[in-house]
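# Coordinate analysis (summary)
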Amino acid sequence: MAEKRAYNKKTNSTNLVGLDMGKVPPQALDIEEAVLGALMVEKDAVITVLDVIKPESFYKENHQKIFSAIVELSTKLEPIDLYTVTEELRKKEELDEVGGAVYLAQLTSRVGSAAHVEYHSKIIAQKYIQRELIRVSSDIQAKAFDDTVDVDDLLDYSEMELFKVAEGNIKRETAPISMLVNEALKNLEEAGKREDGLSGVPCGFSELDRMTSGWQPSDLVIVAARPSMGKTAFVLSMARNMAVDHDVSVAFFSLEMSSIQLVNRLIVSESGISHEKIRNGKLTPQEWTQLTVKIGDLQNSRILIDDTPALSIFELRAKCRRLKSQHDIGIIIIDYLQLMTGPTDTRGNREQEVSTISRSLKAIAKELNVPILALSQLNRSVETRGGNKRPQLSDLRESGAIEQDADMVLFIHRPEYYGFNEDEEGNSLIGLAEIIVAKHRNGAVGDIRLRFRKEQAKFSDLDDMEYAPYAAPAASQAVTFGSKMNEDPLPASANSDFDFLTGPISDDEIPY
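Quick look at the structure, then. These numbers come from a predicted model, not from an experiment. (Residues numbered from 1 in each chain as written. Predicted model: local features only at pLDDT ≥ 70, side-chain atom pairs only at ≥ 80, totals over all residues. Heavy atoms only, no water.)

## Some details on the pairing of strand E8 (residues 446–453)
Burial analysis of E8 places six of its eight residues in the buried class, the great majority of the element. In the sheet, strand E7 (residues 432–440) pairs with E8 via six bridges, with the strands oriented antiparallel. Along E8, the bridge assignment pairs Ile 435 with Ile 448. Once E7 ends, the chain turns through five residues before running back antiparallel as E8. Relative to strand E9 (residues 458–461), E8 is paired through four bridges, and the arrangement is antiparallel. Across the sheet, Phe 452 pairs through a bridge with Phe 459, a residue of E9. Adjacent in sequence and paired antiparallel, E8 and E9 are bridged by four residues, among which Ala 457 carries a positive phi angle near 50 degrees. (Buried < 20%, exposed > 50% of the residue type's maximum accessible area, 1.4 Å probe, protein only. Helix = DSSP H or I, 4+ residues; strand = E, 2+ residues; numbered from the N terminus. Pairing = 2+ DSSP bridges.)

Next up, the structure:
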């Protein structure tokens, strides 16, 4: 027997040495016991910790079950004490698993009050985050050693998993109104100091800026239209105005067109050289000079283009967070919403998937405190409707959640597209575009008129055009623009025989 006891003693000693030389996941079991005991001693203590910890935050599985029972009692607005928690665990047939009523009584006997329960719960949350980071890093390490895993997929997985850890533990505290009023007054003073009087990101269209005071931080703005109305041209014009004229960093996510196609459209818009010549590269020496001079500001602007196809909402969130930290982006543009993919569990139900995407876009806008402009398609009911075929909110495609989640909804309407070349007073509607502000959560709604140049696929203010209003210029006619977005091409020399605007773009080349 003595030899057996010595053997057992030696075995236990060996185990302890192994623990000393190994690593144990971050934990604070004594703190967990103190928090659980305090929650059963003080009836209102649970309100303090619910925003800090959750059942899985506890390291010990028995403690997770006890805390879950406490949360369920709180949800049912029932009193929380030793007896009610014991009864709740008995109903769930988990009382014996957690150590019985004796263990619960021991927890309550170890604390005198719940004075420090919030501080202790934060320690538990910190240990949980450390364990989660260890878990994620271990998974990433295992996948990194697996040669069958694609590196790009691994990067996306790593970003997504780390974001989940961060997202699950970010808590927003309630702010007193005195602090919020002071912040609002400060923003008001800063807006008053600006010459343009705008409080948000200016889009470069004077009437639209006056109505919106610029695109506001945390707003989700939906820009919707039927195909060939010029949605991409509209946001590209704004992206150029914001980046070049106002030095705003713009993140442009293009799910439909490649980055080079977008840049080519910007070059056509900026230089005044025809789309056909930019596409085939048949430029004269004078045009090359013209091109070099005109695109200088565009080339130095802070426009960041991502043309990842079928971008998921999780990938978008990770990319936006990284762009915000690295480039301090001021606005996010997405072309377009219906081409994004939602969470896996919503696949197959398109309406639910689009609803999840729109809610997530609003959440990203709030989290990063930047406006998000998302393009959206309209359904075919616009085409079958009689009259002037102006779009309305019910025409938004695939989900009513888009209308609900958006802070603003803008429609692009070109009467010329439907064959309406004159209005009721006989004024020409050729080249005219109407921006219909159908929803504005924090401001007025109304219609704004802009000029649309089909040859260059861009929008401008009406008063920027020096030729007569609503007059359609000939394809070979050189046109003068007043704003920086629409500057006139450099005049050709006397010996030059080229034309900057030769050959209009066909309807199938107009951006969606």
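## Some words on the packing of helix H2 (residues 29–41) against helix H7 (residues 117–144)
Direction vectors running N to C along H2 and H7 enclose 140 degrees, while the axes themselves pass 9 Å from each other. With respect to H7, the element H2 is oriented oblique. Helix-helix and strand crossings are classified by hand; for H2 and H7 the assignment is left-handed. Between H2 and H7, the contacting residues are Ile 31, Glu 32, Ala 34, Val 35, Ala 38 and Leu 39 on the first element and Val 117, His 120, Ser 121, Ile 123 and Ile 124 on the second. Its residues placed into classes, the contact of H2 with H7 shows eight nonpolar, two polar and one charged. (Axes fitted to C-alpha atoms, helices over the stretch in contact; angles between N-to-C directions. Parallel < 35°, antiparallel > 145°, perpendicular 65-115°, else oblique. Left-handed = near helix turned anticlockwise from the far one by under 90°. Contact = heavy atoms within 4.5 Å. Nonpolar A, V, L, I, M, F, W, Y, C, P; charged D, E, K, R; others polar.)

## What to know about helix H14 (residues 285–294)
For H14, the full list of buried residues reads Glu 287, Gln 290, Leu 291 and Lys 294. Down the axis of H14, the buried set is contained in an arc of 100 degrees. They therefore lie on one face. Exposed residues pointing more than 90 degrees away from the buried face of H14 are listed as Pro 285, Thr 292 and Val 293. The inward-facing, buried residues of H14 contact helix H12 (259–271), helix H13 (275–280) and helix H15 (296–299). (Arc of directions from axis to C-beta.)

Structural measurements only, silent on function.
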